[in-house]
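These are the residues of each chain, in order.
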Amino acid sequence: MPPKQSGSSNSYIPDNTGIESIAITLPNMARPLKIMFVSPEVYPFAKTGGLGDVSGALPLALKQQGHDVRVILPKYRSVDESKRSVQPMGLTVAVPIGPEVKHGELYEARLNRTVPVYFVDQDNYFDREGLYGNTDGDYPDNAERFIFFDRAVLEACKALDFQPDIIHCNDWPTGLIPCYLKTTFAGDPFFKTTRSVFSIHNMGYQGNFDERYFPLAHLPWKVFTIEGIEFYGFFSFMKAGLVYGDRLTTVSKTYSKEILTPENGFHMDGVLRQYQKKLSGILNGADYVKWDPQTDSRIKTRYGPKSLKGKKECKKSLLRKLSIKLTEETPLICMVTRLSQQKGIDLLIQNFVELMVQDAALVILGSGEERYETFFMEQSEIYPKRFRYINGFDEKLAHQIIAGSDLLLMPSLYEPCGLTQMYALRYGTVPVVRRVGGLADTIKAFQSGKNQGTGFLFKTSEADDWISLLQKALDLFSKKKVWKSLMLNGMKQDFSWEKSAKEYVRLYRRTLKKD
Ligand code: ADP
């Protein structure tokens, strides 16, 4: 019989020994942790951006380090049951929502055949076209949808008899979980030793809702105060996570400082400063199982630092696919992005004409705000030889574009971590980025003469003139030897998850040791 482990304590009492009162203390490092990883999106089941990638990769890295990690997310329409062998578990959870009780069915699948992934099925809430909204905008009942999900996660832990040491919550849709643990479930012996970690992936999305949704959550009114989850009169999911989470993390060191300012803290900087002691920055990793040109089955020809020939084939094939006529000597610039203000799209628009007179072509894969989509659709008619816009979300094409391009543009106004630039580095596609957040932490400036660096960075104060930096990069493209060393510098960077996962484990252990 395996030893009985109790919550976060390191002691266990062996069974069947006849000696009842001997407690053996294991060194802290020896005990695997039980982690419930909660996220509103998890690749390959549901993804709108980087959070999906993180949630599909970090749990696997934690598992590889010997921990019992489980993942949970809503069962959206995009969760393809037949393709991913998602099975009903015959377990139901009941959640009070205002005067009603709503039920959720639990489903199960596996990430890479190892990590259990649970889904909360509630058709009225989640069987919809998008995760958070559709082309008309955010779903008006998002508060209710994620109140249901957050409480359902805690009920699911009980239904599964999985008593987590750590519940790792990600972004505002999971923000109420730490608050439930500290209030509604505070006296519940099941969660007595459970602690929460709340990770901020983007302060720009806070889940602030009208006060009238608050009673749906069945939380005590005493938390709806300025010290609690009230934010300028709104019911704030993000603030709930920040105030009640036992530890807070965000996804790069630079961003962990930037969010302490009103601009990038989106006015929640005061709260963050108040809880700064529990905040740390842990850089996201890149999933090199899925994003490596040496093994990527989605690209035309595989390649790596030792043989770059395949990259040329990828470029040719991409140009053919997009019907762009371009010589090998002409650089191809790409963007694969959500079309939101955050991504610096306005900067691109302001300089679009200047960009189009460069000896280069540009391809953009992205969807999002209608004003940006319309602009790019119009421009692709004006500049049919220089510009292609693909409106949509296409995972396979994203790989092909990153492999087939020479430069990646990321002029983001702010970037908590950013994964696309890490993928680009691995594919020998040189990033031109704004020096903010995770972009500042992952891209090293090219230094002419020394052949050092991995890309090109401009400061916000230099944004008016960023085109001249791009020109510098484009000029360098013709200097084949220098360009090759720039590509190789990038391809050799290692942002694998292992290091970050170890940092998370250290943080989990510190969180448990706190009491
Ligand atoms: P964010 O999370 O802010 O959107 P990241 O750079 O961290 O930005 O992650 C974006 C992820 O989403 C990457 O995996 C990128 O390839 C993917 N992505 C973004 N837009 C698209 C798109 N239109 N089609 C396919 N993948 C996309």
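Bear in mind that the values here come from a model prediction, so they are computed numbers and not experimental data.

Asker: Please clarify how the side chain of Gln 358 should be interpreted in this entry.
Answerer: The topology assignment puts Gln 358 in the loop between α10 (352–356) and β18 (361–368). Here Gln 471 takes part through its side chain, which lies 3.4 Å from a polar atom of the side chain of Gln 358.

Asker: What exactly am I supposed to notice about a negative patch on the surface here?
Answerer: On the surface, a cluster of negative charge is made up of Glu 354, Glu 462, Asp 464 and Asp 465. Of note, Asp 464 is situated in the loop between β22 (456–458) and α15 (466–477).

Asker: Got a minute to help me understand the domain arrangement of the protein chain in this structure?
Answerer: The parts lose accessible area when they come together, and the size of an interface is often stated as this lost area. Split by domain assignment, the protein chain resolves into domain 1 (35–72 + 143–285 + 497–512) and domain 2 (309–491). For domain 1 and domain 2, the distance between their C-alpha centroids amounts to 33 Å. Across the boundary between the two partners, domain 1 contributes 21 residues, which contact 18 residues of domain 2. Buried surface at the junction of domain 1 and domain 2, both sides included, amounts to about 1,400 Å², of which 56% is carbon and sulfur. Taken together, the links from domain 1 to domain 2 amount to one salt bridge.

Asker: Even after reading the chapter, I still don't get the packing of helix α1 (residues 50–64) against helix α17 (residues 497–513), so can you show me in this structure?
Answerer: Their axes nearest at 9 Å, the elements α1 and α17 cross at an angle of 75°. Considering the angle they form, α1 stands roughly perpendicular to α17. The residues of α17 that touch α1, namely those facing Val 54, Ala 57, Leu 58, Ala 61 and Leu 62, are Trp 497, Ala 501, Tyr 504, Val 505 and Tyr 508. Class assignment of the residues belonging to the contact of α1 with α17 gives a composition of 10 nonpolar, no polar and no charged.

Asker: Would you explain α1 in this entry?
Answerer: For the α-helix, the turn length of 3.6 residues means that residues three or four positions removed from each other point alike. With 15 residues, α1 should reach 21 Å at 1.5 Å per residue; the first-to-last C-alpha distance of 21 Å fits that figure. α1 sits mainly inside the fold: 12 of its 15 residues count as buried. Those residues of α1 not exposed but buried are Leu 51, Gly 52, Asp 53, Val 54, Ser 55, Gly 56, Ala 57, Leu 58, Pro 59, Leu 60, Ala 61 and Leu 62. Residue Gly 66 follows α1 closely and has a positive phi angle near 95°.

Asker: How do you make sense of the sheet that holds β18 when you look at a structure like this?
Answerer: Pairing between sheet strands relies on hydrogen bonds along the backbone, with the strands arranged either parallel or antiparallel. Taken in spatial order, the six strands line up as β19-β18-β17-β20-β21-β22 in an open sheet, and their pairing is parallel. Edge strands, defined here as strands with exactly one partner in the open sheet, are β19 (387–391) and β22. Mean inter-strand twist for the sheet, computed between neighbouring axes without regard to direction, equals 15°. With five bridges connecting them, β18 and β19 associate as parallel partners. Across the sheet, Val 363 pairs through a bridge with Arg 388, a residue of β19. Contacting β17 (332–339), β20 (407–410), β21 (430–434) and β22, α15 runs over the sheet at an angle of about 170° to β22.

Asker: It is not clear to me how the packing of aromatic side chains should be interpreted in this structure. Could you clarify?
Answerer: How two aromatic rings sit relative to each other is given by the distance of their centres and the angle of their planes. One pass over the full model with this rule turns up 38 aromatic pairs. Pairing Phe 45 with Phe 119 gives two aromatic rings, centres 5.1 Å apart and planes at 80°, and the pair type is edge-to-face. With Phe 45 in the loop between β3 (34–38) and α1 and Phe 119 in strand β7 (residues 115–121), the pair connects residues that are 74 residues apart, well separated along the chain. For the residue pair Phe 45 and Phe 119, the accessibility class agrees, reading buried in each case. Ring centres of Phe 376 and Tyr 389 lie 5.6 Å apart, and the angle between their planes is 45°; this geometry places the pair in the tilted category. Placement of the pair is Phe 376 in helix α11 (residues 370–382) and Tyr 389 in strand β19, with a sequence separation of 13 residues. The pair formed by Phe 376 and Tyr 389 is uniform in burial state, with each residue classed as buried. Directly above the ring of Tyr 107 sits Lys 75, whose terminal nitrogen or CZ lies 4.5 Å from the centroid. Stacked on the ring of Tyr 275, the Lys or Arg Lys 278 has its end atom at 4.4 Å from the ring centre.

Asker: So what exactly am I meant to see when it comes to the site of the ligand here?
Answerer: Of all residues adjacent to the ligand, which total 21 residues, the nearest are Gly 50, Asp 53, Lys 343, Gly 392 and Thr 420. One of the backbone nitrogen or oxygen atoms of Leu 419 is found 3.0 Å away from an oxygen atom of the ligand. If the ligand stood free it would expose 560 Å²; the protein chains cover 94% of that surface. At the level of secondary structure, the elements contributing two or more residues to the shell around the ligand comprise α1, β17, β18, α12 (395–404) and α13 (420–426). Considering every element that reaches the shell around the ligand, the biggest residue donor is β17, with three residues.

Asker: In this structure, what is going on with the environment of Cys 417? I would like to understand it.
Answerer: Looking at the secondary structure, you find Cys 417 in the loop between β20 and α13. Take Cys 417: its relative accessible area is 1%, and that puts it in the buried class. A sequence separation of 22 residues divides Cys 417 from Leu 439, and the C-alpha atoms of the two residues are 6.5 Å apart. What Cys 417 contacts, discounting residues up to four positions off in sequence, is Val 251, Leu 283, Asn 284, Met 422, Gly 438 and Leu 439.

Procedures and definitions
- Residues numbered from 1 in each chain as written.
- Predicted model: local features only at pLDDT ≥ 70, side-chain atom pairs only at ≥ 80, totals over all residues.
- Heavy atoms only, no water.
- Helix = DSSP H or I, 4+ residues; strand = E, 2+ residues; numbered from the N terminus.
- Polar contact = N/O pair within 3.5 Å; in protein donor to acceptor, adjacent residues only side chain to side chain.
- Patch = residues over 30% accessible without salt bridge, like charges linked within 9 Å, V, L, I, M, F, W, Y side chains within 5 Å.
- Areas by Shrake-Rupley, 256 points an atom, 1.4 Å probe, with all protein chains shown as cover.
- Salt bridge = Lys/Arg side-chain N within 4 Å of Asp/Glu carboxyl O.
- Lys, Arg positive; Asp, Glu negative; His and termini not counted.
- Charge placed at Lys NZ, Arg CZ, Asp CG, Glu CD.
- Domains from an automatic or database assignment.
- Contact = heavy atoms within 4.5 Å.
- Buried area = accessible area lost by both parts, 1.4 Å probe.
- Axes fitted to C-alpha atoms, helices over the stretch in contact; angles between N-to-C directions.
- Parallel < 35°, antiparallel > 145°, perpendicular 65-115°, else oblique.
- Nonpolar A, V, L, I, M, F, W, Y, C, P; charged D, E, K, R; others polar.
- Expected span 1.5 Å × (residues − 1).
- Buried < 20%, exposed > 50% of the residue type's maximum accessible area, 1.4 Å probe, protein only.
- Pairing = 2+ DSSP bridges.
- Phe/Tyr/Trp six-rings, centres within 6.5 Å; stacked < 30°, edge-to-face > 60°.
- Lys NZ or Arg CZ within 6 Å of the ring centre and 35° of its normal.
- Near = heavy atom within 4 Å.

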